[in-house]
Amino acid sequence: MDSTNDRIVLDRKSFEALAVDSRVKILKSLKERRKTLSEIAKEQKMAASGVKEHLDLLEQVGLIEKMDDGHKWKYYELTIKGTEIVSTQKEIRVWILLSISV
């Protein structure tokens, strides 16, 4: 995040990940606290397999991370980038950087 201009620059993959409403809802849910796949699936009223696909993609683009602290359950939580996107503490303008590949 560029604190001078309060902006977030997203690459194409991050932007595409946010184009699906379910993924945005998952990010907003994780803003409350870190959660397991089962908790998110129950909360979103979705199959665990579908939620897992969304979580994998959000993790690939750097919006969330899976925390494995050696316990049975794996938790998902927002990264700094993910937190900035769902932050309501201050108004943030989101700038999209779409890269053009040849």
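Quick note: structure is the one above.
Reading guide: rules and limits
Residues numbered from 1 in each chain as written. Predicted model: local features only at pLDDT ≥ 70, side-chain atom pairs only at ≥ 80, totals over all residues. Heavy atoms only, no water. Salt bridge = Lys/Arg side-chain N within 4 Å of Asp/Glu carboxyl O. Buried < 20%, exposed > 50% of the residue type's maximum accessible area, 1.4 Å probe, protein only. Helix = DSSP H or I, 4+ residues; strand = E, 2+ residues; numbered from the N terminus. Axes fitted to C-alpha atoms, helices over the stretch in contact; angles between N-to-C directions. Parallel < 35°, antiparallel > 145°, perpendicular 65-115°, else oblique. Contact = heavy atoms within 4.5 Å. Nonpolar A, V, L, I, M, F, W, Y, C, P; charged D, E, K, R; others polar. Phe/Tyr/Trp six-rings, centres within 6.5 Å; stacked < 30°, edge-to-face > 60°. Lys NZ or Arg CZ within 6 Å of the ring centre and 35° of its normal.

Engineer: Just to check I follow, could you spell out the pattern of salt bridges for this structure?
Structural biologist: Pairing is possible between side chains that carry opposite charge, provided their charged atoms lie close to one another. One pass over the full model with this rule turns up eight salt bridges. Glu32 is the salt-bridge partner of Lys35, the closest N and O atoms lying 3.3 Å from each other. Residue Lys35 is classed as buried on the basis of its relative accessible area of 2%. Glu32 gets classed as exposed once you look at its relative accessible area, which sits at 63%. Several salt bridges converge on common partners, so that one network encompasses Glu32, Lys35 and Glu43.

Engineer: Sorry, what's going on with unusual backbone geometry here?
Structural biologist: Across the chain, the bulk of peptide bonds are trans and the bulk of non-glycine residues have phi less than zero. Even without a glycine there, the phi angle at Lys45 is positive, about 55°. Among the secondary structure elements, Lys45 is positioned in the loop between helix 3 (37-44) and helix 4 (48-60). Lys45 gets classed as exposed once you look at its relative accessible area, which sits at 75%.

Engineer: Sorry if this is basic, but what is going on with the packing of helix 2 (residues 21-32) against helix 4 here?
Structural biologist: Pairs of packed helices are described in terms of their axes, by the angle between the two and the distance that separates them. The contact between helix 2 and helix 4 brings their axes to 10 Å, and the two run at 75°. Classified by the angle their axes make, helix 2 and helix 4 are roughly perpendicular. Facing Ser22, Arg23, Ile26 and Leu27 of helix 2, the residues of helix 4 in contact are Val51, His54, Leu55, Leu57 and Leu58. Residues belonging to the contact of helix 2 with helix 4 are distributed by class as follows: six nonpolar, two polar and one charged.

Engineer: Is there a simple way to think about the environment of Arg34 in this case?
Structural biologist: Along the chain, Arg34 falls in the loop between helix 2 and strand 2 (35-36). The class of Arg34 is partly exposed, set by a relative accessible area of 33%. Distance from Arg34 to Lys66, taken between C-alpha atoms, is 9.4 Å for residues 32 residues apart in sequence. With sequence-adjacent residues up to four places away left out, Arg34 is seen in contact with Glu39, Met67, Asp69, Tyr75, Tyr76 and Glu77.

Engineer: What am I meant to see in the packing of aromatic side chains here?
Structural biologist: Geometry of an aromatic ring pair is reported as the spacing of the ring centres plus the angle between the planes. On inspection of all chains with the given rule, the structure shows zero aromatic pairs. Over the face of the ring belonging to Tyr75 we find Arg34, whose NZ or CZ atom lies 4.2 Å from the ring centre.

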